[in-house]
Amino acid sequence: MRRVLVLHGPNLSLLGRREPETYGRTTLREIDEALKELAGHLGLEVRCEQFEGEGEMVTALHGALGDCQAVLINPAAYTHTSLAIRDALAALSDLGIPSVEVHLSQPAARESFRHTSLTAPVCRGSIAGFGPNSYLLGLRALAAILDREVRSDA
Ligand code: DQA
């Protein structure tokens, strides 16, 4: 079974209560449930994890090695600051594990300090601004990448 690591960054544990005008009312648990359901339809399995700390996120990315074939990541605020998460994503990419970055909001339409993503350039692509649907679209993108790459390996 192809498994995708879904990795949520800091403060996303508060979704549903956190700045609902920006992030909506859907909780992280509801997002994870929707991802599990979609994964079933796409012939994938998801392993969902959330961490507040940068180091924990790097450790979780290392944990994908040998266990997951792809990563769906919302690095949250670390998107804009974390060289360590970028380097971990680059290492995974180099080892054949593609990542897609997602955001609930559209950072490009927000404060200027959110306009730079250190992590997006080492991901296959980014999906932002569609609320919880960003995650579902991201999972579909990864399913297409995995399908294509498994076919071209055959
Ligand atoms: C976010 C956008 C980031 O700028 C912010 O720091 C977050 C959430 C999003 O999903 O819209 O925590 O990643």
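Cut-offs used in this document
- Residues numbered from 1 in each chain as written.
- Predicted model: local features only at pLDDT ≥ 70, side-chain atom pairs only at ≥ 80, totals over all residues.
- Heavy atoms only, no water.
- Salt bridge = Lys/Arg side-chain N within 4 Å of Asp/Glu carboxyl O.
- Helix = DSSP H or I, 4+ residues; strand = E, 2+ residues; numbered from the N terminus.
- Buried < 20%, exposed > 50% of the residue type's maximum accessible area, 1.4 Å probe, protein only.
- Core = buried A, V, L, I, M, F, W, Y, C linked by side-chain atoms within 4.5 Å.
- Contact = heavy atoms within 4.5 Å.
- Near = heavy atom within 4 Å.
- Polar contact = N/O pair within 3.5 Å; in protein donor to acceptor, adjacent residues only side chain to side chain.
- Areas by Shrake-Rupley, 256 points an atom, 1.4 Å probe, with all protein chains shown as cover.
- Nonpolar A, V, L, I, M, F, W, Y, C, P; charged D, E, K, R; others polar.
- Arc of directions from axis to C-beta.

Summed over the entire model, instances satisfying the criterion amount to 9 salt bridges. The partner of Arg3 in a salt bridge is Asp67, with the nearest N and O atoms 2.7 Å apart. Here Arg3, found in strand S1 (residues 2–8), pairs with Asp67, found in the loop between helix H3 (54–63) and strand S3 (70–74); they are 64 residues apart in sequence, far enough to count as distant. According to the relative accessible area criterion, Arg3 is partly exposed, its value standing at 22%. On the basis of relative accessibility, which here comes to 26%, the residue Asp67 falls in the partly exposed class. When the shortest N-O distance is used, the salt bridge between Asp67 and Arg47 registers 2.8 Å. Pair noted here: Asp67 is in the loop between H3 and S3 and Arg47 is in strand S2 (residues 44–50), with a separation of 20 residues, a long-range link.

Ranked by internal contacts, the top residues of the largest apolar core, which has 25 residues, are Val4, Leu72, Tyr135 and Leu139. Elements with a contribution of two residues or more to this core: S1, helix H2 (28–42), S2, S3, strand S4 (99–103) and helix H5 (133–153). A total of 6 residues in this core trace back to one element, the largest contributor, which is H5. Those residues in contact with Leu139 that sit more than four places away from it in its chain are Val4, Leu35, Leu38, Ala39, Leu42, Leu44, Val46 and Leu72. Core analysis: the next-biggest nonpolar cluster, separate from the first, contains 18 residues, Met57, Ala60, Leu89 and Val122 among them.

Let us now look at the site of the ligand. Every residue lining the ligand is accounted for by Arg18, Tyr23, Asn74, Ala76, Ala77, His80, His103, Leu104, Ser105, Arg110 and Arg114. Within the side chain of Asn74, one N or O atom sits 2.9 Å away from an oxygen atom of the ligand. For the ligand, an oxygen atom lies 2.8 Å from a polar atom in the side chain of His103. Protein chains bury 99% of the 320 Å² of accessible surface belonging to the ligand in isolation. In terms of residue class, the shell around the ligand is built from 4 nonpolar, 4 polar and 3 charged.

Before going further, it helps to spend a moment on H3. Because the α-helix completes a turn every 3.6 residues, residues three or four places apart line up on one side. If you check which residues of H3 are buried, you get Met57, Val58, Ala60 and Leu61. Along the long axis of H3, the arc covered by the buried residues comes to 160°, so they all point the same way. Those residues of H3 hidden inside the fold are in contact with S1, S2, S3 and helix H4 (83–94).

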